[in-house]
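Okay, here's what each chain looks like letter by letter:
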Amino acid sequence: MAFTDRITADGASGWPVEAGRYRLVISRACPWAHRVVLVRRLTGLDEAISLAVTDPVQEQVAGDAHWVFTARTGSPGGLDPVLGVHTLREAYLARDPGYDGGVSVPGLVDVPSGHLVSNDHDQLTLDLGSEWAALHREGAPELYPPALRDEIDALNAEIYRDVANGVYRAGFSPSQQTYERTVAALFARLDALEDRLTRQRFLLGGSITDADVRLFPTLVRFDAVYHGHFKCNVRKLVEYPALWAYARDLFQTPGFGDTVHLDHVRQHYYAVHRAINPTGVVAVGPDPAGWLTAHHREELGGRPFGDGTPPGPPPAIDRVPEIVPGGARPCG
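The following refers to the structure shown.

Cut-off values and rules
- Within every chain, residues take consecutive numbers counted from 1 along the sequence as written.
- The model is predicted, so local features are restricted to residues of pLDDT at least 70 and side-chain atom pairs to those at 80 or more, both for listing and for counting; the totals for chains, interfaces and linings are taken over all residues.
- Based on all heavy atoms of the structure, the side-chain values leave hydrogens and waters out of the count.
- To qualify as a helix, a DSSP run of H or I must reach at least 4 residues; to qualify as a strand, a run of E must reach at least 2; elements of each kind are numbered from the N terminus.
- With the radius of gyration taken over C-alpha atoms, the globule rule is written as 2.2 Å times the number of residues to the power 0.38.
- Only protein chains enter the accessibility calculation, which uses a 1.4 Å probe; a residue whose area is less than 20% of its type maximum is buried, one above 50% is exposed, and one in between is partly exposed.
- We call two residues in contact when some of their heavy atoms are within 4.5 Å.
- Note on areas: Shrake-Rupley, 1.4 Å probe, and residue coverage restricted to the protein chains presented here.
- The positive count covers Lys and Arg only, the negative count covers Asp and Glu only, and His and the chain ends enter neither.
- Here the site of a charge means atom NZ of a Lys, CZ of an Arg, CG of an Asp or CD of a Glu.
- Any Lys or Arg side-chain nitrogen found within 4 Å of a carboxyl oxygen on Asp or Glu counts as a salt bridge.
- Expected helix span is computed as 1.5 Å times (number of residues minus one).
- What is called the bend at a residue is the angle between a pair of axes, fitted to the seven residues leading up to and ending at it and to the seven starting from it.
- The definition of a nonpolar core used throughout is a set of buried Ala, Val, Leu, Ile, Met, Phe, Trp, Tyr and Cys residues joined through side-chain atoms within 4.5 Å.
- Two rings belonging to Phe, Tyr or Trp (six-membered ring only in the last case) form a pair when the distance between their centres is within 6.5 Å. Interplanar angles under 30 degrees mark stacking, angles over 60 mark edge-to-face geometry, and anything in between is tilted.
- Two strands pair under a simple rule: DSSP has to find at least two bridges between them.
- To define axes, lines are fitted to C-alpha atoms, for helices over the stretch in contact only, and angles between the resulting N-to-C directions are given on a 0 to 180 degree scale.

Right, let's get into the overall build of the protein. Along its length, the protein carries 9 helices and 6 strands. The globule rule puts the C-alpha radius of gyration for 332 residues at 20 Å, and the 19 Å found for the protein is close to it. Across its three principal directions, the C-alpha atoms of the protein cover 50 × 50 × 40 Å. Scored against the burial criterion, the 332 residues of the protein give a buried share of 54%. Across the protein, the fraction of contacts at a sequence separation of at least 24, relative to all contacts at a separation of at least 6, is 71%. As presented, the protein carries roughly 14,000 Å² of accessible surface, and 53% of it is formed by carbon and sulfur atoms. Of the side-chain charges in the protein, 31 are positive and 41 negative, and the distance between the mean point of each set is 4 Å.

Within the fold, T54 resides in the loop between β2 (50-53) and β3 (59-61). Excluding residues that lie within four positions of it along the chain, T54 makes contacts with V25, I26, S27, W67, V68, F69 and T73.

The next subject is the pattern of salt bridges. Enumeration over the complete set of coordinates arrives at 21 salt bridges. Note that R161 is salt-bridged to D162, the shortest N-O span being 3.0 Å. The exposure class of D162 is buried, given its relative accessible area of 7%. Among the ionic contacts, a cluster of salt bridges with common partners joins E158, R161, D162 and R189.

The next thing to look at is helix α1 (residues 31-42). Here α1 is 12 residues long and its end C-alpha atoms lie 16 Å apart, about the 16 Å a rise of 1.5 Å per residue gives. α1 sits mainly inside the fold: 12 of its 12 residues count as buried. Burial in α1 covers these residues: P31, W32, A33, H34, R35, V36, V37, L38, V39, R40, R41 and L42. Just beyond α1, the residue with positive phi is G44, at close to 80°.

Turning our eyes to something else, we now look at helix α7 (residues 210-226). With 17 residues, α7 extends 22 Å from end C-alpha to end C-alpha; this agrees with the ideal 24 Å at 1.5 Å per step. Maximal helix bending in α7 amounts to about 30°, located at V220. Among the 17 residues in α7, 17 count as buried, and that is most of the element.

This part covers the side chain of N156. The topology assignment puts N156 in helix α4 (residues 149-164). Look at N156 and you get buried, because its relative accessible area is 11%. If we skip the residues at most four places from it in the chain, N156 touches D210, A211 and R214.

Turning next to the nonpolar core. Counting residues in hydrophobic clusters, the biggest one holds 90 residues, and the most contacted among them are L88, L190, L203, F222, L243, Y246 and W291. Examining the composition of this core, we find that 10 residues originate from one element, α7, more than from any other. When near neighbours in sequence (up to four residues on either side) are disregarded, F222 contacts V167, L186, F187, L190, H227, C232, R235 and L237.

Another aspect to go through is the packing of aromatic side chains. Applying the stated criterion to the full structure yields 18 aromatic pairs. An angle of 85° between the planes, with centres 6.1 Å apart, marks the rings of F187 and F222 as edge-to-face. One end of the pair, F187, is in helix α6 (residues 176-199); the other, F222, is in helix α7, with 35 residues separating them in the sequence. Linked through ring pairs, W32, Y160, Y168, F172, F187, F222, Y226, F230 and Y269 together constitute an aromatic cluster.

What follows deals with the sheet that holds β2. The strand order across the open sheet built from 4 strands is β2-β1-β5-β6, with neighbouring strands paired in mixed fashion. The sheet is open, and its two borders are formed by β2 and β6 (115-118), each paired with just one other strand. On average, each strand axis in the sheet is inclined to that of its neighbour by 35°, with strand direction left out of account. Contacts from α1 reach β1 (22-26) and β2, with the element oriented near 135° to β1.

The pairing of β1 with β2 spans 4 bridges and is classified as parallel. Counted as the bridge partner of V25 is A52 from β2.

What follows is the structure, encoded as structure tokens:
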């Protein structure tokens, strides 16, 4: 991450919290961007921070992969309708004309100047839940409560190392030894999470916290891409009774499943990672209708939003296709 400025409530950073000023650029395929989208939805910042969605398949320009805006993601003419750019890299260069590094999502962009403010997904996740509190919807959950922060931080570190980043380290392992070591750590952590979630509804008890926000993006992609594409195939998510039910519980909770676009997920991973999928053939399964089946996690008690309330429906412009029971479909 090259740009780590923060938008703060007091504006001391030079970037003050301000409704309508910033645009969040994401790919629906990216789990790191998904974290930030989840917090934006759960806290009701949909209207305060606009959303720009890039094409799931990056465009190759002079050997570099670019996150681009296209008509199929709501950008007629290939230009984002708010920022007026074709690539996210243009916001990087507006901020630093000499920048020659990589470009990642999410990117939070200052609309008036067109400058990238931050691509720090970790800090953005926390700041949207705290620094932006004055603009949160009524009933927004407290995802990072002070009393639980040490426990959340410790669990997040394990989830990042062994699960969220672990699937990538497995998929791009340079040797058999590295791969086997990484996969062993991944499934040991999933086994531990399975045990934890057998006893309680969410990771920290009866309500959703930042830890659940960080685990969900990996789980929702696991069987669709990580199991096969990244060779994380010791077990599927659906073979873990508690983890699979927990993931479905979250998916069916407002603010989670309505941010998931599994077609974009499959299109990106299988089409872009030619080093591990040379043909670019995109898998059509598994059937996403499984995400809609009963989970029975409410029997463990708890309330997903604690003393808060669920978010309302997303703005029409931010909606993803609903899952239609009846089988997977080609990406076409």
